[in-house]
Number of protein chains: 4
Amino acid sequence: MSDRMRIAINTGGGDAPGLNAVIEAVVLSAYNKNWEVYGIKQGYHGLLDTEDIIRLDPNKVRNISNLGGTILGTTNKGNPFEMPVENIAGEVEKRDLSDRVVQNFHRLGLDCLIAVGGDGSLKIAHDFHKKGIPVIGVPKTIDNDLSGTVVTFGFDTAVSIATEAIDRLHSTAKSHDRVLVVEVMGRNAGWIALNSGVSGGAKVILIPEIPFDMDLVCEKIMEGEVMGERYAIVVVAEGAVPLGGRIVHKGSGEAGRQEVVLGGIGEVVAQSIAAKTGKDTRSLVLGHLQRGGSPTTFDRLLALRFGAMAIRLVEEGKFGHMVALAPPNVSSVPLEDAIGTSKQVPMDSDTLRTAKDIGISFGAPE
Amino acid sequence: MSDRMRIAINTGGGDAPGLNAVIEAVVLSAYNKNWEVYGIKQGYHGLLDTEDIIRLDPNKVRNISNLGGTILGTTNKGNPFEMPVENIAGEVEKRDLSDRVVQNFHRLGLDCLIAVGGDGSLKIAHDFHKKGIPVIGVPKTIDNDLSGTVVTFGFDTAVSIATEAIDRLHSTAKSHDRVLVVEVMGRNAGWIALNSGVSGGAKVILIPEIPFDMDLVCEKIMEGEVMGERYAIVVVAEGAVPLGGRIVHKGSGEAGRQEVVLGGIGEVVAQSIAAKTGKDTRSLVLGHLQRGGSPTTFDRLLALRFGAMAIRLVEEGKFGHMVALAPPNVSSVPLEDAIGTSKQVPMDSDTLRTAKDIGISFGAPE
Amino acid sequence: MSDRMRIAINTGGGDAPGLNAVIEAVVLSAYNKNWEVYGIKQGYHGLLDTEDIIRLDPNKVRNISNLGGTILGTTNKGNPFEMPVENIAGEVEKRDLSDRVVQNFHRLGLDCLIAVGGDGSLKIAHDFHKKGIPVIGVPKTIDNDLSGTVVTFGFDTAVSIATEAIDRLHSTAKSHDRVLVVEVMGRNAGWIALNSGVSGGAKVILIPEIPFDMDLVCEKIMEGEVMGERYAIVVVAEGAVPLGGRIVHKGSGEAGRQEVVLGGIGEVVAQSIAAKTGKDTRSLVLGHLQRGGSPTTFDRLLALRFGAMAIRLVEEGKFGHMVALAPPNVSSVPLEDAIGTSKQVPMDSDTLRTAKDIGISFGAPE
Amino acid sequence: MSDRMRIAINTGGGDAPGLNAVIEAVVLSAYNKNWEVYGIKQGYHGLLDTEDIIRLDPNKVRNISNLGGTILGTTNKGNPFEMPVENIAGEVEKRDLSDRVVQNFHRLGLDCLIAVGGDGSLKIAHDFHKKGIPVIGVPKTIDNDLSGTVVTFGFDTAVSIATEAIDRLHSTAKSHDRVLVVEVMGRNAGWIALNSGVSGGAKVILIPEIPFDMDLVCEKIMEGEVMGERYAIVVVAEGAVPLGGRIVHKGSGEAGRQEVVLGGIGEVVAQSIAAKTGKDTRSLVLGHLQRGGSPTTFDRLLALRFGAMAIRLVEEGKFGHMVALAPPNVSSVPLEDAIGTSKQVPMDSDTLRTAKDIGISFGAPE
């Protein structure tokens with residue numbers, strides 16, 4: 001290891017609260033060791049177009065830990081290993097530009113790369129590691145679907161925002177005797193829906209891990225009606241699926257001829273509840289509100305700890321590893337252990353059991 | 001006036017943060033005068049079905065000012081003067097049940113009614129006033145479209161929630177070089193859009209009062225692009241309309257045959273921006289998040305002041321009047337002055353001028 | 001007026017949420033007119049030491065409206081008209097350095113000064129106006145004690161923070177059957193105490209405008225005890241005074257010999273309540289929490305409007321005037337009308353009447 | 001186990017956000033099993049005076065999870081095993097009233113007790129367990145000083161409130177070039193100070209686990225001064241102690257004669273910094289703000305999970321055990337393992353290392 005390491009850092013994939021906190025801790029920790037840090041802009045794009053690199057010193061990052069977004073930008077422009085490029089004929093074809101990234105990396109005299117990202121970005125990081133760039137991964141996902149770490153930053157914020165939204169909807173639902181359906185993020189995992197639904201007091205939670213039966217959903221809602229609770233909150237994960245496949249909602253075309261799914265799964269569920277129960281039912285998609293803005297204190301601190309740990313891993317030379325949380329401490333796992341499989345809610349999850357214990361329905365037989 | 005007034009109170013129309021604070025102040029103020037307060041449940045329905053009335057004493061209302069919703073419930077079930085009722089043939093017809101309300105009011109020995117509501121509910125209140133029920137109105141609207149009062153409770157909360165959402169979207173828009181379109185409430189007025197758009201740093205704000213030209217909207221966005229601001233927030237009032245009428249968005253039917261508007265105006269604007277500028281553009285509808293949950297301190301205090309003022313108006317015998325805000329004090333105006341016309345953003349509005357001064361576009365020629 | 005105005009702006013006195021929003025709107029509005037803006041650092045110090053001036057363009061201020069503090073810094077270092085300066089003998093004497101400020105102002109080719117500040121800073125601004133610097137004032141105070149404007153930015157945030165604190169204390173007070181005394185800011189006015197106390201459901205509010213009688217305070221607390229409310233929140237303005245002058249609290253010196261006031265008025269009131277009622281009583285001083293951090297949306301928007309209005313006043317040549325709020329619009333008043341007298345809570349204040357109506361005691365006979 | 005368990009629940013010790021969420025989950029979970037739950041008021045007092053017991057059913061607890069405090073009340077009135085009681089002579093003596101508690105417990109036909117509390121309350125619970133009351137403990141502390149569980153509810157909220165306060169103070173400190181000293185809770189452990197100090201970007205953190213040297217504290221502050229950071233936040237745990245014992249601050253008595261400590265350790269540190277560095281320095285005690293009010297979503301969910309787990313432990317008959325968090329799941333540990341030792345920040349704590357890595361000083365040699 002050189003006396004004065006030159007460390008690159010980038011952030012990739014979807015926005016997540018805490019990215020700037022990782023950057024802050026990386027830069028301040030490196031500064032304390034008299035090392036240099038260079039920020040690669042826009043994921044890996046900054047290493048294709050080498051102009052997009054900035055020297056990061058303490059003055060540039062101090063107290064950014066509470067700011068949403070990432071000062072380095074992120075990107076959905078594609079994977080350098082199969083980058084969409086327009087050829088002379090005007091057609092888009094995928095080309096492998098990874099060698100150019102590696103060459104630029106070495107030409108700039110960089111010693112290693114700290115890659116902050118979700119499963120997609122970490123997979124790319126791992127591929128670059130195999131091509132000779134010493135890489136340390138830092139896991140990031142609001143969806144909590146990454147293996148190898150108990151949790152990562154971004155998730156607590158997403159759950160908190162969703163819970164606060166549910167709280168707000170509660171009072172309106174109650175004042176109007178309404179059913180309110182909230183669609184939350186989570187990709188193919190139900191973590192955000194489960195945690196925010198339990199916290200916010202939902203009556204029904206629909207998650208990808210448990211295919212739901214619309215009749216059971218409506219039964220649960222009408223059961224509350226009988227008990228005098230004339231309103232309900234239903235939380236639906238964006239990846240939730242009905243038993244036996246996809247709900248198809250009839251559009252406004254000629255009868256029987258045309259079927260169009262209007263809106264996402266939340267709207268579909270809402271329309272189905274309205275049709276089956278006769279209750280005034282509304283739906284809402286939280287969308288990008290869940291991934292922007294300031295992190296919760298929990299995520300901010302976790303991200304700072306992850307950033308500092310990344311520099312410790314550099315010091316230890318544990319390249320090819322990813323920072324992970326093994327409460328109460330942080331640790332590390334090989335990158336390849338983390339990127340293969342997505343983490344869904346297991347059926348013996350304690351939070352899932354809690355939900356069932358306190359009477360929340362998942363639209364499935366007990 | 002009897003020694004011991006028996007005061008009824010109801011809340012009508014859409015949910016608004018601050019309703020419970022009005023109720024709290026009405027009950028505590030009346031208690032101090034040794035008067036009785038009765039809560040009518042579900043708007044006017046509690047006076048159709050007289051079981052739905054509860055005695056309110058201090059213990060029932062203390063410290064509810066911060067709770068969202070209304071402990072009395074509200075309703076959209078209809079106007080007692082033209083109530084939808086199913087007849088023997090199973091058809092729904094509108095019937096005037098107002099006499100029954102008046103009879104029940106008197107039979108219960110009630111002396112007056114404090115009606116908390118928006119323009120619809122206050123219009124009904126005024127009609128009952130003309131039928132002999134002594135009424136005091138308390139204005140409520142998150143949309144700020146009520147005449148006769150500078151502002152009323154609910155609006156500050158709605159603007160705050162919308163602004164906080166815009167703040168969250170900012171960081172994501174910036175990290176991803178995206179355009180984010182946010183559709184906010186406001187009915188036929190642009191107040192929420194204007195105030196949250198200016199506060200949150202929108203680049204474009206579309207309001208009903210200023211029909212917009214999609215080309216000018218896109219020009220503004222691309223102008224930012226040239227200046228290096230590769231992202232933008234566009235705030236769209238739900239009542240915003242394009243110059244020359246409605247945007248029609250092509251659905252997925254057979255070419256040219258079928259035109260379906262998918263989603264609200266926000267989604268339409270987003271799709272149009274994406275098509276015209278090629279920018280990655282997403283839309284979000286804030287919906288009921290804007291009207292539920294705890295009030296801001298501003299709304300909570302205003303609602304408490306309105307509730308106390310309502311009791312003072314009862315004491316002064318100013319029936320047929322509505323509480324109003326004439327900063328820094330509260331005052332009152334005749335109900336009929338308030339209910340006729342809806343208040344839109346005037347072209348000489350100071351906030352509108354501020355928006356233009358700081359470079360925000362309304363999608364119209366200057 | 002020159003074609004291309006060169007406008008200076010400074011911020012003076014205590015921190016207030018919204019200062020950066022004023023700066024943002026001033027700079028963006030001026031930019032739209034093709035004018036230049038220069039930020040004077042540290043109040044008037046940047047014009048004594050002319051190095052401390054920075055050119056402000058849109059990129060430096062965009063989206064700072066939500067940040068607490070002021071990017072220009074502020075100062076308590078003194079008034080340029082009577083600046084404490086150490087002389088050769090090492091003694092501190094006050095010297096009038098105002099000519100130097102005026103000379104530097106003109107030497108830099110500045111056309112006018114937008115001075116954002118409270119009564120102290122605005123008084124200095126007015127003095128410079130009389131010495132030939134064209135000045136526009138922008139009122140700033142968290143205490144709401146400025147005449148000439150219905151309200152100004154900073155106050156809503158301070159009241160909100162104090163109310164949120166009271167809400168938090170409520171649950172602890174109730175769980176433990178305690179009296180909690182909260183001391184809030186406000187200088188010689190009771191606005192923050194009054195508004196946060198009413199919003200937060202205090203049982204007693206002590207303000208400078210109404211000298212309090214400790215026995216009446218304790219009577220009120222014990223009256224609640226009888227009614228089954230075994231806890232109470234008491235809000236005390238930092239400037240509150242007991243009837244007949246200052247409470248002196250006995251310190252730990254020899255009996256009768258030494259009297260020391262420990263802590264502020266909040267602590268004194270708490271100890272007195274504990275002694276007289278035997279209730280478990282705790283006190284808390286909110287202090288600087290009330291003046292730091294992000295503004296509420298209300299304050300942020302008001303500050304943006306004030307900033308834009310300041311530029312309009314420059315355009316109209318209304319120097320010597322101060323921006324003011326005359327709801328629903330902003331207007332202006334002569335600086336000298338604003339700076340003379342501090343605005344206290346009038347005895348016919350609607351909020352004060354509300355407090356009394358809902359049963360809050362001010363520790364004085366009704 | 002009887003078919004229809006009759007479960008008692010109480011909450012003891014200091015207020016902590018999340019107590020109501022535990023109660024909600026206990027009641028809803030029990031209801032699902034057709035068991036009964038009885039709330040004991042005021043810690044163990046409800047079992048001394050048996051009037052103070054209420055039947056809890058779902059309607060009494062639904063959606064209280066977000067409310068601060070505890071609907072059962074808590075108490076500091078003393079330990080039933082050594083209760084302060086006034087004897088005939090008017091002297092206070094400690095008496096063992098535990099038999100009366102046990103008798104009442106059995107007389108009421110209760111089957112077990114879920115005791116929610118900190119180390120003091122859990123110690124008492126364990127003593128009752130040894131006297132024949134089947135007990136399940138649920139750990140509660142904002143201070144994070146309980147052994148046997150990685151963390152418990154209340155702590156995340158306390159850290160979040162402290163961090164938000166530090167964020168607010170940052171802007172004021174920076175605007176005024178000030179040092180701001182914040183004293184936070186934590187008893188004999190530094191967890192709140194450490195976590196909020198790292199999250200909030202403190203320059204110095206003083207915790208009980210690391211005795212501090214005032215000269216090193218001031219060195220750190222002046223080091224920032226040289227680097228152009230003319231302000232600093234110092235976070236002090238209430239239990240922090242200087243190297244070699246207690247700082248004594250000179251009071252206003254005659255020189256050398258009298259030494260009085262004014263205020264807490266935060267004020268003492270602030271005065272010392274002001275004296276040694278000449279910087280404008282202020283101090284603030286957060287106090288009870290840290291333990292009241294709504295829980296964060298993290299704490300709310302954790303508390304709900306703990307409540308549901310408590311009922312599962314009842315079902316399994318694991319009396320004498322305490323619910324614990326072993327991420328990602330909840331588990332249980334014997335009560336006696338949890339109550340003996342208080343958990344301080346270990347020197348190899350990952351967060352402590354993070355703090356040092358990013359340049360935060362603890363006022364001690366590295």
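Conventions used here
- Residues numbered from 1 in each chain as written.
- Chains lettered and ligands numbered in written order.
- Predicted model: local features only at pLDDT ≥ 70, side-chain atom pairs only at ≥ 80, totals over all residues.
- Heavy atoms only, no water.
- Pairing = 2+ DSSP bridges.
- Helix = DSSP H or I, 4+ residues; strand = E, 2+ residues; numbered from the N terminus.
- Axes fitted to C-alpha atoms, helices over the stretch in contact; angles between N-to-C directions.
- Contact = heavy atoms within 4.5 Å.
- Buried area = accessible area lost by both parts, 1.4 Å probe.
- Salt bridge = Lys/Arg side-chain N within 4 Å of Asp/Glu carboxyl O.
- Polar contact = N/O pair within 3.5 Å; in protein donor to acceptor, adjacent residues only side chain to side chain.
- Buried < 20%, exposed > 50% of the residue type's maximum accessible area, 1.4 Å probe, protein only.
- Arc of directions from axis to C-beta.
- Patch = residues over 30% accessible without salt bridge, like charges linked within 9 Å, V, L, I, M, F, W, Y side chains within 5 Å.
- Areas by Shrake-Rupley, 256 points an atom, 1.4 Å probe, with all protein chains shown as cover.
- Parallel < 35°, antiparallel > 145°, perpendicular 65-115°, else oblique.
- Left-handed = near helix turned anticlockwise from the far one by under 90°.
- Domains from an automatic or database assignment.
- Nonpolar A, V, L, I, M, F, W, Y, C, P; charged D, E, K, R; others polar.
- Least-squares fit on C-alpha atoms with pLDDT ≥ 70 in both.
- Lys, Arg positive; Asp, Glu negative; His and termini not counted.
- Phe/Tyr/Trp six-rings, centres within 6.5 Å; stacked < 30°, edge-to-face > 60°.

Colleague: Give me the sheet that holds strand β11 (residues 281-285) of chain D: which residues, what numbers.
Modeller: Residue and element names in this part refer to chain D. Pairing in this open sheet of four strands is parallel, and the strands run β9-β10-β8-β11 from one edge to the other. Strands with a single pairing partner mark the edges of an open sheet, and in this sheet they are β9 (204-206) and β11. Each neighbouring strand pair of the sheet contributes to a mean axis angle of 15°, computed without reference to strand direction. Pairing geometry for strand β8 (residues 179-184) and β11, over five bridges, is parallel. Bridged to E183 within β11 is V285. Each of β8, β9 and β10 (232-237) is contacted by helix α6 (residues 191-200), which is oriented at about 170° to β9, the strand it contacts most. Its contacts with the sheet put helix α8 (residues 265-277) on β8, β9, β10 and β11, and the angle it makes with β8 is roughly 160°.

Colleague: Tell me about the interface of chain A and chain D, residues and numbers included.
Modeller: Frequently, the measure chosen for interface size is the accessible area that the parts lose on association. Between chain A and chain D, the contact holds 46 residues from the first and 46 residues from the second. Buried surface at the junction of chain A and chain D, both sides included, amounts to about 3600 Å², of which 48% is carbon and sulfur. Counting across the chain A and chain D interface gives 10 salt bridges. Among the ionic pairs, R300 of chain A bridges to D167 of chain D, the shortest N-O distance being 2.8 Å. At the surface where chain A touches chain D, the tally comes to 26 residue pairs in polar contact (both at pLDDT 80 or more). Those elements that place two or more of their residues in the side of chain A that touches chain D are α1 (19-32), α5 (155-176), α6 (191-200), α9 (297-316), β13 (329-334) and α11 (350-357) of chain A.

Colleague: Run through helix α3 (residues 98-107) of chain A, naming residues and quoting values.
Modeller: Residues and elements named next belong to chain A. Those residues of α3 lying buried are S98, V101, V102, N104 and F105. The buried residues of α3 occupy an angular sector of 165° when the element is viewed end-on, so they sit on one face. Across α3 from its buried face, at more than 90 degrees, point the exposed residues Q103 and R107. On its buried face, α3 is in contact with β1 (6-11), β6 (112-117) and α4 (119-130).

Colleague: Provide a residue-level description of a nonpolar patch on the surface, including the pertinent values.
Modeller: A cluster of nonpolar residues, Y31 of chain A together with V226 and M227 of chain D, forms a patch on the protein surface that exposes about 350 Å² of accessible area. Checked against the element boundaries, Y31 of chain A lands in helix α1.

Colleague: Which residues make up the pairing of strand β13 (residues 329-334) of chain D, and what values do they have?
Modeller: All names here are of chain D. In the sheet, strand β12 (residues 321-326) pairs with β13 via six bridges, with the strands oriented antiparallel. Bridged to L325 within β13 is V330. Linking β12 back to β13 in an antiparallel pair, the connection comprises two residues.

Colleague: Describe the packing of helix α1 (residues 19-32) of chain D against helix α9 (residues 297-316) of chain D, listing the residues and the values that go with them.
Modeller: All names here are of chain D. Following both chains from N to C, one finds α1 and α9 inclined at 40°, their axes separated by 7 Å at the closest point. One finds that α1 runs oblique with respect to α9. The handedness of the crossing between α1 and α9 is right-handed. Listed contacts from α9 to A21, V22, A25, V26, S29 and A30 of α1 are R300, A303, L304, G307, A308, A310 and I311.

Colleague: Got a sec to walk through the side chain of S160 of chain D? Specific residues and values, please.
Modeller: Structurally, S160 of chain D is set in helix α5 (residues 155-176). Those residues in contact with S160 of chain D, other than ones at most four positions away along the chain, are T297 of chain A together with T296 of chain D.

Colleague: Got a sec to walk through the domain arrangement of chain A? Specific residues and values, please.
Modeller: Residue and element names in this part refer to chain A. Per the domain assignment, the segments of chain A are domain 1 (6-153 + 295-327) and domain 2 (157-291 + 346-357). Between the C-alpha centres of domain 1 and domain 2 the distance comes to 35 Å. Roughly 1000 Å² is buried in total at the junction of domain 1 and domain 2, and carbon and sulfur atoms are behind 46% of that figure. Viewed at the interface, domain 2 and domain 1 are joined by three salt bridges. Taken together, the residues that form the side of domain 1 that touches domain 2 break down as four nonpolar, three polar and five charged.

Colleague: Describe in detail the relation of the copies chain B and chain A, supporting the description with residues and values.
Modeller: Both copies of the chain are tied together by a single rotation about an axis and a shift running along it. Note on the identical chains: chain B maps onto chain A by a rotation of 180° and an axial translation of 0.0 Å, with an RMSD of 0.1 Å. Overall, the copies show the geometry of a two-fold rotation axis. Most of the interface of chain B is mirrored in chain A, where 100% of its interface residues are also at the interface.

Colleague: Summarise the sheet that holds strand β9 (residues 204-206) of chain C; cite the residues concerned and give the values.
Modeller: Residues and elements named next belong to chain C. Pairing within the open sheet is parallel, and its four strands lie in the order β9-β10-β8-β11. Edge positions in the sheet fall to β9 and β11 (281-285), since each of these pairs with one other strand and no more. When strand polarity is set aside, the average angle formed by the axes of neighbouring strands in this sheet is 15°.

Colleague: Can you explain the side chain of R168 of chain B? Please cite residues and give values.
Modeller: Looking at the element boundaries, R168 of chain B is found in helix α5 (residues 155-176). Buried charge R168 of chain B goes without a salt bridge, the closest partner of opposite sign being E164 of chain B at 4.4 Å. A polar atom in the side chain of R168 of chain B sits 3.4 Å from the backbone oxygen of S294 of chain A. Setting aside residues no more than four positions away along its own chain, R168 of chain B makes contact with T157, I161, L289, G292, G293 and S294 of chain A.

Colleague: Account for the packing of aromatic side chains, naming residues and giving values.
Modeller: Residue and element names in this part refer to chain A. All chains considered together, the criterion is met by 14 aromatic pairs over all chains. Between F81 and F128, the ring centres sit 4.7 Å apart and the planes meet at 45°, which makes this aromatic pair tilted. Here F81 is found in the loop between α2 (58-61) and β4 (83-86), whereas its partner F128 is found in helix α4, with 47 residues between them in sequence. Here F81 matches F128 in class, with each residue buried. Seen in terms of ring centroids, F153 and F306 are 6.3 Å apart; in terms of plane orientation they differ by 75°. Their pairing is edge-to-face.

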